[in-house]
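Residues per chain are reported as follows:
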Amino acid sequence: MTGLLIEAREEIWPLKQPFRISRGSRSEARVVVVRVSDGQHTGRGEAVPIARYDQSCASVLAQIESMKGLPSLDRQQIQKLLAPGAARNALDCALWDLEAKVSGKRAWELANIPIVPEVETSFTISLDAVDKMAAAAKAAANSPLLKLKLGGDELDLARVEAVRGAAPTARLLIDANESWSPSHYRNIVPALNGLDVDLIEQPFPADADEVLETLEHPIPVCADESCHTTADLPRLRNRYEMLNVKLDKTGGLTEALLLTERARDTGFRLLIGCMACTSLGIAPARLLPSATDYVDLDGPLLLTGDRHHGLAYENGRIGLPSRQLWG
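The shown structure was predicted, so the numbers you read here are calculated from the model rather than taken from an experiment.

Student: Explain the overall build of the protein residue by residue, including any values.
Tutor: Within the protein, the secondary structure is distributed over eleven helices and 14 strands. Its C-alpha atoms give the protein a radius of gyration of 19 Å, within 12% of the compact-globule value 20 Å for 327 residues. Among the 327 residues that make up the protein, the fraction classed as buried is 54%. Restricting the contact set of the protein to residue pairs at least 6 apart, pairs at least 24 apart contribute 66%. Per element, the accessible surface of the protein, about 13,400 Å² overall, is 49% carbon and sulfur.

Student: Kindly report on the packing of aromatic side chains, identifying the contributing residues and their values.
Tutor: Aromatic ring pairs are described here by two measures, namely the spacing of the ring centres and the angle between the planes. All chains considered together, the criterion is met by two aromatic pairs. Measuring from centroid to centroid gives 6.3 Å for Trp 180 and Tyr 185, while their planes differ by 65 degrees, and the two rings are edge-to-face. Residues Trp 180 and Tyr 185 agree in their burial class; the two are buried. Considering the side-chain rings of Tyr 185 and Phe 204, the 5.6 Å spacing of their centres and the 40 degrees angle between planes classify their relative orientation as tilted.

Student: Any chance you could break down the sheet that holds strand β1 (residues 5-21) for me, citing the residues and the numbers?
Tutor: With respect to topology, three strands assemble into an open sheet ordered β1-β2-β3, the strand pairing being antiparallel. Since the sheet does not close on itself, it has two edges, and those belong to β1 and β3 (42-47), each with one partner. The mean inter-strand angle of the sheet, taken between neighbouring strand axes irrespective of direction, is 20 degrees. Relative to strand β2 (residues 24-37), β1 runs antiparallel, the two sharing 13 bridges. Each bridged residue has a counterpart across the sheet, and for Ile 6 the counterpart in β2 is Val 36. Set on the sheet, helix α1 (residues 57-65) makes contact with β1 and β2; between it and β2 the angle comes to about 15 degrees. Lying on the sheet, helix α3 (residues 86-103) is in contact with β1, β2 and β3; it crosses β3 at an angle near 150 degrees.

Student: Explain empty space enclosed by the protein to me, and be specific about the residues and the numbers.
Tutor: Per the stated rule, a full pass over the model turns up two cavities of 30 Å³ or more. In this model, the largest cavity occupies a volume close to 80 Å³. Around the largest cavity sit Asn 89, Lys 246, Leu 247, Asp 248, Gly 273, Cys 274, Met 275, Cys 277, Gly 281, Ala 285 and Leu 297, which together line it. For the lining of the largest cavity, the residue count by class is six nonpolar, three polar and two charged.

Student: A description of the pattern of salt bridges should follow, citing residues and the corresponding values.
Tutor: Taken as a whole and assessed by the stated rule, the structure comprises 30 salt bridges. Between Glu 46 and Arg 307 there is a salt bridge whose closest N-O contact spans 2.8 Å. Highlighted residues: Glu 46 in strand β3 and Arg 307 in the loop between β12 (294-295) and β13 (313-314), separated in sequence by 261 residues. The same class applies to Glu 46 and to Arg 307, which are both buried. Of the charged contacts in the structure, one is a salt bridge between Glu 213 and Arg 239, with a shortest N-O distance of 2.8 Å. Separated by 26 residues along the polypeptide, Glu 213 in the loop between β8 (197-201) and β9 (221-223) and Arg 239 in the loop between α8 (233-236) and β10 (242-245) bring together distant segments of the chain. A residue is classified by how much of its surface remains accessible, and Glu 213, at 43% relative accessible area, is partly exposed. The network of salt bridges with shared partners includes Glu 118, Glu 120, Arg 171, Asp 198 and Arg 317.

Student: Tell me what's going on with the environment of Ala 107, and back it up with residues and numbers.
Tutor: Mapped onto the elements of the fold, Ala 107 is located in helix α4 (residues 107-111). Here Ala 107 falls in the buried class, since its relative accessible area comes to 0%. Through-space distance from the C-alpha of Ala 107 to that of Pro 284 is 8.3 Å; in sequence the pair is 177 residues apart.

Student: Let's hear about the pairing of strand β6 (residues 145-149): which residues, and what values?
Tutor: Across the five residues that make up β6, a large majority, five, are buried. Of the two faces of β6, the one lined by Leu 145, Lys 147 and Lys 149 and the one lined by Leu 146 and Leu 148 are each fully buried. Bridge analysis of strand β5 (residues 123-125) against β6 gives three bridges, and the strand direction is parallel. Bridged to Thr 124 within β6 is Lys 147. Handedness of the crossover joining β5 and β6 through helix α5 (residues 130-139): right-handed. Taken together, β6, helix α6 (residues 156-166) and strand β7 (residues 171-175) form a β-α-β motif whose crossover is right-handed.

Parameters and conventions
- The numbers attached to residues start from 1 for each chain and follow its sequence in the written order.
- Local features in this predicted model are restricted to residues whose pLDDT is 70 or higher, and side-chain atom pairs enter the listing and the counts only when it is 80 or higher, whereas totals over whole chains, interfaces and linings include all residues.
- Water and hydrogen atoms play no part in the side-chain values, which are based on all heavy atoms of the structure.
- The way it works is that DSSP assigns letters per residue, a run of H or I at least four long becomes a helix, a run of E at least two long becomes a strand, and they are numbered from the N terminus.
- Using C-alpha atoms as the atom set, the radius of gyration is obtained and then compared with a globule rule of 2.2 Å times the number of residues to the power 0.38.
- Only protein chains enter the accessibility calculation, which uses a 1.4 Å probe; a residue whose area is less than 20% of its type maximum is buried, one above 50% is exposed, and one in between is partly exposed.
- Here a residue-residue contact requires only that any non-hydrogen atoms of the pair lie within 4.5 Å.
- What sets the accessible areas is the Shrake-Rupley method with a 1.4 Å probe; for residues, cover comes only from the shown protein chains.
- Note on aromatic contacts: the rings of Phe and Tyr and the six-membered ring of Trp form a pair at centre separations within 6.5 Å, being stacked when their planes are under 30 degrees apart, edge-to-face when over 60 apart, and tilted otherwise.
- Strand pairing requires that DSSP identify at least two bridges connecting the strands.
- The convention used is that axes are lines fitted to C-alpha atoms, helices contributing only their stretch in contact, and that angles between N-to-C directions extend from 0 to 180 degrees.
- Only protein atoms enter the 1 Å grid used here. Points where a 1.4 Å probe fits but cannot escape make up a cavity, open sets with protein on both sides within 12 Å along at least five of seven lines make up a pocket, and a residue lines them when an atom lies within 4 Å of a point.
- Grid points are joined across faces, edges and corners, and a volume is the space filled by probe spheres set on the points.
- Three categories are distinguished: nonpolar for Ala, Val, Leu, Ile, Met, Phe, Trp, Tyr, Cys and Pro, charged for Asp, Glu, Lys and Arg, and polar for the others, with Gly belonging to the last.
- Any Lys or Arg side-chain nitrogen located within 4 Å of an Asp or Glu carboxyl oxygen qualifies as a salt bridge.
- Place the viewer so that the strands point away; then a crossover is right-handed whenever the path from the first strand over the helix to the second strand goes clockwise.

Keep in mind these values describe shape, not function.
Quick look at the structure:
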């Protein structure tokens, strides 16, 4: 599209309570919002800079700024001009939104993919003391699917046992965020298998996950930090059964659509994930669940507030984004 006006800014959204994973804790979600206008219609996109990948709001805003001088800009172009990550995600999703508004069609019609009116999402229990994680699980007991953050220490098994006791009917996903050692994996996995855990996400550091080729997998193992784009697929094939697709890693919906399709063809099962963000960040990812096995799109539920026209979350299920929100 020619002559587009691009605006970007940082926004800070407080979290209901501190959110902890093995790498640290945070009390707010810092997002970058991009607006792309053709003078008549405006598209919006939101992304979360990820410190794990050396991104900050400042670096993401600088990347977006570098796109402003171009005579024309479209989704295919930015796949080549920007590396996968938050900046490309915000811009890509804004361009999808703009295209939907210009055409009068919904984004899923433009993408030519099936859409389901409601999807079930997991709710995340952040890393904490055993009793606190059990209390959080009890408070979220009506959620059909819980995702537990673990830390790679001697309390991990007790955490899962306590959560299982507090939420006996919930399906459980666990996410180690790269914190485990091979010995920890060998010690804990047989017991987790007896606790009806559905999957283990990213047990080992992304640069040391080759050990998965030598270990038993009684529970499916899901790649998160090890999987960004379709380029990663060949390396992951003998290590993981499942992939976590996040738009902030793929660099937008365009690559995420390609990744989900190629991953399926390669035999991977899929989880659609997110960072802590508002409904604007979740809406594009909400298009993908019809092609996936698990949905972990609870970002707005972690915030003290959300955007106008935010997504409807009811009893662990997410509705469709409104036209006013996105796409």
